Each structure stands twice: as C-alpha cells, then as structure tokens.
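Okay, here's what each chain looks like letter by letter:
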Amino acid sequence: MAIMRVNLQALTSRVGITRLFAIVLSCVAFSLVASTEDYGGAYGTWCMFTWCFCFAVTVLIVLLELLELYPKLPLSWDDFTSAFSMLAALMIFTTSVVYPSTFITSPCNSDKCIRQAVATAISCLCFLAYALEVGLTRAKPGDISSFLSTVPGLLKVFEAYVACLIFSLLDNVNSKPGLQWCVAVYAICFVITLLIIILTVGRCLAYMPFPLEKMLVGYNALALVMYLTATILWPLYSFNNTSRPNPCGSNCWWNKRLGVTFLTIFNLLAYLVDLVYSTKMVFVPVPT
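Residues numbered from 1 in each chain as written. Predicted model: local features only at pLDDT ≥ 70, side-chain atom pairs only at ≥ 80, totals over all residues. Heavy atoms only, no water.

> With reference to specific residues and values, describe the environment of Gly 44.
Residue position: Gly 44 is located in helix H3 (residues 41-66). Taking the relative accessible area as the measure of exposure, Gly 44 reaches 1% and is therefore buried. Leaving out residues up to four positions away in the same chain, Gly 44 has contacts with Tyr 39 and Phe 103. (Helix = DSSP H or I, 4+ residues; strand = E, 2+ residues; numbered from the N terminus. Buried < 20%, exposed > 50% of the residue type's maximum accessible area, 1.4 Å probe, protein only. Contact = heavy atoms within 4.5 Å.)

Now the structure itself:
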C-alpha cells in the first residue's frame, strides 16, 4: 500500500514562506475587490482574473510540493515554478497599476474607495512576494540545469508577457504597411519565445538536433534586429502628421499606440540584455 509522504519544507523554507504570503495577499486582494462589487469591464475582469489565477496556481504548487507529487508530472518542475513566479510578478505588477488608475477616484473618502485603496496596497505587497520568490529561485551564475530560472530564461517570460500587453493595445493597424510589419514582428517573436518556454517546461529541448545554446543566441540577435525596426517604424507610422485628440480617454487610439511604443522599447531592451547574457553563457567559460 502506497504511503503518502509530507514534505514540511515546502512550507517552512524561505521559498515556501514567500509562497504562503503570496497566497494570503492575493486572496485578501480579490476578496476586498469582490466586496466592493465594482470590478466590471475589461480592466476589472483582468484584475480579478490575475489575483484569482495567481492564488489558485500558487496553492496548487504548494500542495504538490507538500505531498511530493510534483516528480510524477511530465514537466521540468524547477522551470515551471520559475516561469510561473516571474509571470505572476508581472501580472500582479500590471494589476497593481491598472486597478487603482481605473477604479479609484479622488477624493477617496467612501468606504468602497478605502477598500479599493487597501486592495491596491495588498496587491503591491503581493507583487513584492512574487518578486522575492523570483530572486530566491534564480539560478546561480554558471548553473544552467534549470534554464527558466536563469536571467535569459526569466527574460523569455518577460518578453512573452510584454508581447501579450502589446497585442491587447493593438487597434486598427491594417491600413499602413509599416504598422503591419511591426505586428508581424510582435507575433513572430512572441510565438518563438512562447515555444521555447513550452519546450523547456516540457523537457523537449534536449531532443533538438542542433546546438540549442547557439540557436538561442542567434534567435536573440534576430529578435533584437526585428524589434529595432519596430521601435523605429511604429512611432513613425503611428504619429506621423497626427496629433493627440482632445479629449483622449483610456480607450483613445493615441494613448494605445503610445503604450505600444513604450512596450516595444521595453522588449527591445529585454532582447538586448537577453542577447548579452546568452552570449556570455555560451561563449564565456565560467571559472571553477
């Protein structure tokens, strides 16, 4: 008869304690927002989904480690948990910015507004908990046994997430070839980056019939060049001979295209850092 083992270190280690804090904080955040009954629309739905999703997946991770069931899963556990903690930190950070800017009004003197402000503060603490988990689980220099816990691996998650944010802001870009090229850049780089993440978590990269590390360096260089062209062409075609409408609300096309411009720059810098770290990992030997 099989005996279920309990690994209490999943709760008492530094990573385990950090995850417990993230569970409690995300639960408090979405409970406070739910109590206000004011989270409608796309932004409110996104915020509630983020808190609930991060809460549920973190609970699942803790349970699987507590009961030592994760080795039975057909995936690289360290890569999966590293990728999720990075993704959760990015999602919670975005929510901590979007929610107050969308739902909190000034002056904030009502009971509902106070609960919304407290939920925002709790969400910020939740982001810090996930960011701390990323720092605690990050691979040491020279250790590439868990790729997604290295700096290039974490940057892959960042690049894919920023691309998702870009897609959420794209609007009416079919009329100009320059903008169509930029969308193609975002889509191609997103698909390849997401595929790298999935293959890493699924332990499939070892079956590739070519030197993976050098392939990643080549891909990062190509993605960097593609994003450099998008960084130039997107604002050129988006804002040429146009001015900001007045008024220009949250759904204004001008604000969305400005947001895409900044996100494109963020991903350009991410791919640059990714290329530098990947090149260093492949071509610079680590002293033993």
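Alright, that's what it looks like, and here's the rest.
> If you had to explain the UniProt feature "transmembrane region" (unreviewed entry) in the protein to someone new, which residues and values would you point to?
Summarizing the sequence annotation, UniProt attributes the feature "transmembrane region" (unreviewed entry) to residues 20-36, 48-70, 82-102, 114-132, 153-171, 183-205, 217-237 and 257-277 in the numbering used throughout. Each end of residues 114-132 is marked by a C-alpha atom, and these two atoms are 27 Å apart; helix forms 100% of the span and strand 0%. What you have in residues 183-205 is 83% helix and 0% strand, and the ends, taken at the C-alpha atoms, are 28 Å apart. (UniProt positions renumbered as here; feature names shortened; annotations may be inferred.)

> Tell me what's going on with the environment of Gly 153, and back it up with residues and numbers.
Looking at the element boundaries, Gly 153 is found in helix H6 (residues 151-169). Among the residues examined, Gly 153 registers a relative accessible area of 0% and is labelled buried. Each C-alpha atom, one on Gly 153 and one on Thr 200, is 9.4 Å from the other, the two residues being 47 residues apart in sequence. Apart from the residues within four sequence positions on either side, Gly 153 is in contact with Phe 147 and Leu 148.

> Break down helix H8 (residues 212-239) for me, citing the residues and quoting the values.
For H8, spanning 28 residues, the distance from its first C-alpha to its last is 40 Å, which sits close to the expected 40 Å at 1.5 Å a residue. Note on H8: the residue one or two positions beyond its end, Asn 241, has a positive phi of about 60 degrees. (Expected span 1.5 Å × (residues − 1).)

> An account of a nonpolar patch on the surface is needed here, citing residue identities and associated values.
Together, Leu 258, Phe 262 and Phe 266 make up an exposed nonpolar region whose accessible area comes to about 270 Å². Here Phe 266 is to be found in helix H9 (residues 253-283). Residue classification places Phe 266 among the partly exposed residues on the basis of a relative accessible area of 42%. (Patch = residues over 30% accessible without salt bridge, like charges linked within 9 Å, V, L, I, M, F, W, Y side chains within 5 Å. Areas by Shrake-Rupley, 256 points an atom, 1.4 Å probe, with all protein chains shown as cover. Salt bridge = Lys/Arg side-chain N within 4 Å of Asp/Glu carboxyl O.)

> Describe the side chain of Thr 81, and please don't skip the residues or the numbers.
Residue placement: Thr 81 occurs in helix H4 (residues 77-103). We classify Thr 81 as buried; its relative accessible area is 5%. Only 3.1 Å separates the side chain of Thr 81 from the backbone oxygen of Asp 78, close enough to count as a polar contact. If near-sequence neighbours (up to four positions away) are discounted, Thr 81 is found in contact with Arg 19, Ile 61, Glu 65 and Glu 133. (Polar contact = N/O pair within 3.5 Å; in protein donor to acceptor, adjacent residues only side chain to side chain.)

> Could you give me a rundown of unusual backbone geometry, with the residues and numbers involved?
Positioned with a positive phi, Glu 68 is a non-glycine residue whose angle comes to about 55 degrees. Considering the arrangement of structural elements, one finds Glu 68 in the loop between H3 and H4.

> So what's going on with the pattern of salt bridges? Residues and values would help.
By the definition in use, this model includes four salt bridges. One salt bridge connects Arg 19 with Glu 65, and the closest N-O pair in it is separated by 2.9 Å. With Arg 19 in helix H2 (residues 14-36) and Glu 65 in helix H3, this pair connects stretches of sequence that are 46 residues apart. Under the relative-accessibility criterion, Arg 19 is labelled buried at 4%. The class for Glu 65 is buried, based on a relative accessible area of 14%. A salt bridge links Glu 133 to Arg 19; the nearest nitrogen and oxygen atoms lie 2.9 Å apart. Of this pair, Glu 133 sits in helix H5 (residues 111-137) while Arg 19 sits in helix H2, placing them 114 residues apart in sequence. When sorted by exposure, Glu 133 lands in the same class as Arg 19, which is buried.

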